[in-house]
Amino acid sequence: MQPNNPPILTYNNEVIKTMTMSLSTEYVLSSLKNLYGNSVSSADIRAWCAMSGSSYQTITNKLTDFKTGRGKWNLEVTKETVKDLEMTYTAPAAMPAIQQNLVPQKDDTFVKFGNFGDIKKIIQSRLFYPTFITGLSGNGKTFSVEQACAQLGRELIRVNITIETDEDDLIGGFRLVNGETVWHNGPVIEALERGAILLLDEVDLASNKILCLQSILEGKGVFLKKIGKHVTPKNGFNVIATANTKGKGSDDGRFIGTNVLNEAFLERFPVTFEQEYPTPANEVRILDKVAQSLDVNDENFCKRLCDWADIIRKTFYDGGIEEIISTRRLVHIIRAYAIFNDKAKAIQVCVNRFDDETKQSFMDLYDKVDADFNLPALDEDMLKEYQPVDPEDII
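Here the structure is a predicted model, which is why all the values come from computation and not from measurement.

Peer 1: Outline the layout of surface pockets, listing residues and values.
Peer 2: Estimates place the volume of the largest pocket at around 550 Å³. Around the largest pocket, the lining is made up of 24 residues, and of these Gly138, Asn139, Gly140, Phe143 and Arg328 lie nearest the centre. Elements that contribute at least two residues to the lining of the largest pocket include exactly helix 6 (141-152), helix 10 (280-293) and helix 12 (327-340). For the lining of the largest pocket, the residue count by class is 7 nonpolar, 10 polar and 7 charged. Volume-wise, the second largest pocket comes out at about 370 Å³. Along the wall of the second largest pocket there are 16 residues; nearest its centre are Ser137, Arg254, Glu323, Ile324 and Arg353.

In structure tokens, the structure reads:
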């Protein structure tokens, strides 16, 4: 295939001179694209010059803006286009987190207990010291970290982990903003750059995609390969993870969906705290504060609820029952009482999540614990099936 003929000068049908110097850049581009496509090499250009009688140096000078490398040209991409792309890659996040206040608010209902003092010391030290907190559901693991940051005025970025959480969710990626593709930092990068506390909540639900945090858990920061940038942690940055298990899965099926975490991942957490439920005395204080915030004045009800929960937990730990009443569920009951102003209904609607036998056993036990409590009547179908349970049987 021959290139399109360049303009020539004739006189009486005799070719006088080929006007190679008058070749426009547009003509050269069009001809090269027709012959070789958008990507051309120096060999392609030399061949084209040989066919058209043009100077290699002259043609390559016309293609300066399209050169992408040594002996390589892309006829669709100019240097200006490359600069635009680079500006897009280095564009700021769509919503710069610097505009947000990430220090949690202090909660007047919070009562410190358990490992709170140790967790607060770690955060206060501003040292990089990844911390793993494990314990049963609803015992204040996340709340204690949040309130430690609130008391110390430290920024906290909480990430709720699921099996679908991947590198794009954690580290960041490109997002479409106002019709343009821009890089958006993920929560991990925001925490690194701000020197904030990164809270990985329910980390035992993660898949092996969580391993993208390996270098970060070593305190070395991370290289953002998509934009060619290394992010080093700012002073004060730390990682705290919470989980219902110790990263070994749930054998009894109570925490379905939890996974066995990579041993190398777990090894990067120097310390593990085992969070227990608060003592009855501390739990009474918690419920009293919650009740006061809801204008509920019934200290006796709060005390009876804590006694009831304590008996159930002791039975659970001894293997007598398979369900437990958490501190969070006791708070749910207080809130339900504030709404319905009926103790029996408040307890009933909050234990309805359990199977019928367990639910009724719990209701019977509370009836024995609180002399002022009136057990709600059972419907006829349940009366036929239900045999009263002696609270002593579950103690």
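The discussion continues.
Peer 1: Provide a residue-level description of the sheet that holds strand 4 (residues 67-69), including the pertinent values.
Peer 2: Strand order in the open sheet formed by 3 strands is 3-5-4, with antiparallel pairing between adjacent strands. At either margin of the open sheet sits one strand with a lone partner, and together these are strand 3 (39-41) and strand 4. Along the sheet, successive strands turn relative to each other by an average axial angle of 35°, direction set aside. As judged from the 3 bridges shared by strand 3 and strand 5 (residues 72-74), these two strands associate in the antiparallel manner. Bridged to serine 41 within strand 5 is lysine 72. Along the sheet, helix 2 (residues 42-52) contacts strand 3 and strand 5; its crossing angle with strand 3, the most-contacted strand, is approximately 80°.

Peer 1: Can you lay out the environment of cysteine 350 for me, pointing to particular residues and giving the numbers?
Peer 2: Summarising the element assignment, cysteine 350 is placed in helix 13 (residues 343-351). Cysteine 350 sits 20 residues away from leucine 330 along the chain, and the two C-alpha atoms are 8.6 Å apart. If near-sequence neighbours (up to four positions away) are discounted, cysteine 350 is found in contact with Arg329, His332, Ile333 and Ala336.

Thresholds applied
- Residues numbered from 1 in each chain as written.
- Predicted model: local features only at pLDDT ≥ 70, side-chain atom pairs only at ≥ 80, totals over all residues.
- Heavy atoms only, no water.
- 1 Å grid on protein atoms, 1.4 Å probe; cavity = no way out; pocket = protein on both sides within 12 Å on 5 of 7 lines; lining within 4 Å.
- Points joined across faces, edges and corners; volume = space filled by probe spheres on them.
- Helix = DSSP H or I, 4+ residues; strand = E, 2+ residues; numbered from the N terminus.
- Nonpolar A, V, L, I, M, F, W, Y, C, P; charged D, E, K, R; others polar.
- Pairing = 2+ DSSP bridges.
- Axes fitted to C-alpha atoms, helices over the stretch in contact; angles between N-to-C directions.
- Contact = heavy atoms within 4.5 Å.

Everything listed is a geometric property; what it means functionally is a separate question.
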